[in-house]
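Reading the structure
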Amino acid sequence: MSTRFDTKIAVLLREDLETWQRLNVTAFLVSGLGTQLPEVIGEPYEDADGVPYLPMFRQPVLVFEGTKETLTAAHAKALSRALPRAVFTGDLFSTGNDTDNRAAVKAVRTQDLDLVGLAVYGPRNAVDKVLKGARMHP
């Protein structure tokens with residue numbers, strides 16, 4: 001049985017990233033959504049032997065890719081719509097911890113961020129508008 005959600009969780013990756021970077025950026029980006037948006041998290045899991053597992057998102061995460069320009073435009077749209085979002089910049093590939101990551105983002109003006117990834121959550125139609133011009137990740 002398939003459920004159609006009225007909200008969407010989406011990740012937009014810059015198309016020129018290496019495979020390991022795409023996976024790393026996606027994991028980092030979506031980790032922020034569950035911390036601030038408890039409604040995106042489902043119930044904990046348990047197997048038949050009673051071993052508990054952490055809860056996960058209650059809905060699919062859709063992954064898209066696009067050019068640097070597509071990512072910049074999507075970021076601006078997400079900001080203008082005040083949608084919950086997470087960013088990953090190129091600078092974060094050279095940092096090694098959360099403190100340095102936050103400092104690297106803080107050091108750059110919004111319009112000058114070297115965006116390589118963006119996660120966004122919100123009403124399906126609003127997220128679709130943010131992602132205009134992006135394509136599903138292959």
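Here we summarise the structure given alongside this text. Note that the structure is predicted; figures quoted are calculated from it, not measured.

1. What about the pattern of salt bridges?
If charged atoms from side chains of opposite charge come close, those side chains can pair. Scanning the model with the defined rule gives eight salt bridges in all. Each of the salt bridges in this network shares a partner with another, and the network as a whole consists of Arg 14, Asp 16, Lys 68 and Asp 114.

2. Observations concerning the packing of aromatic side chains
For any pair of aromatic rings, geometry is given as the distance between the ring centres together with the angle between the planes. Summed over the entire model, instances satisfying the criterion amount to three aromatic pairs. Geometrically, the ring pair formed by Phe 88 and Phe 93 is tilted, given 5.2 Å between the ring centres and 50° between the ring planes. Put simply, the rings of Trp 20, Phe 28, Phe 88 and Phe 93 pair up and form one aromatic cluster.

3. A short note on a nonpolar patch on the surface
Together, Tyr 45, Val 51, Tyr 53 and Met 56 make up a nonpolar patch on the protein surface, roughly 390 Å² of accessible area in all. Along the chain, Met 56 turns up in the loop between β3 (52–53) and β4 (61–66). On the accessibility criterion, Met 56 (47% relative accessible area) is partly exposed.

Conventions used here
Residues numbered from 1 in each chain as written. Predicted model: local features only at pLDDT ≥ 70, side-chain atom pairs only at ≥ 80, totals over all residues. Heavy atoms only, no water. Salt bridge = Lys/Arg side-chain N within 4 Å of Asp/Glu carboxyl O. Phe/Tyr/Trp six-rings, centres within 6.5 Å; stacked < 30°, edge-to-face > 60°. Patch = residues over 30% accessible without salt bridge, like charges linked within 9 Å, V, L, I, M, F, W, Y side chains within 5 Å. Areas by Shrake-Rupley, 256 points an atom, 1.4 Å probe, with all protein chains shown as cover. Helix = DSSP H or I, 4+ residues; strand = E, 2+ residues; numbered from the N terminus. Buried < 20%, exposed > 50% of the residue type's maximum accessible area, 1.4 Å probe, protein only.

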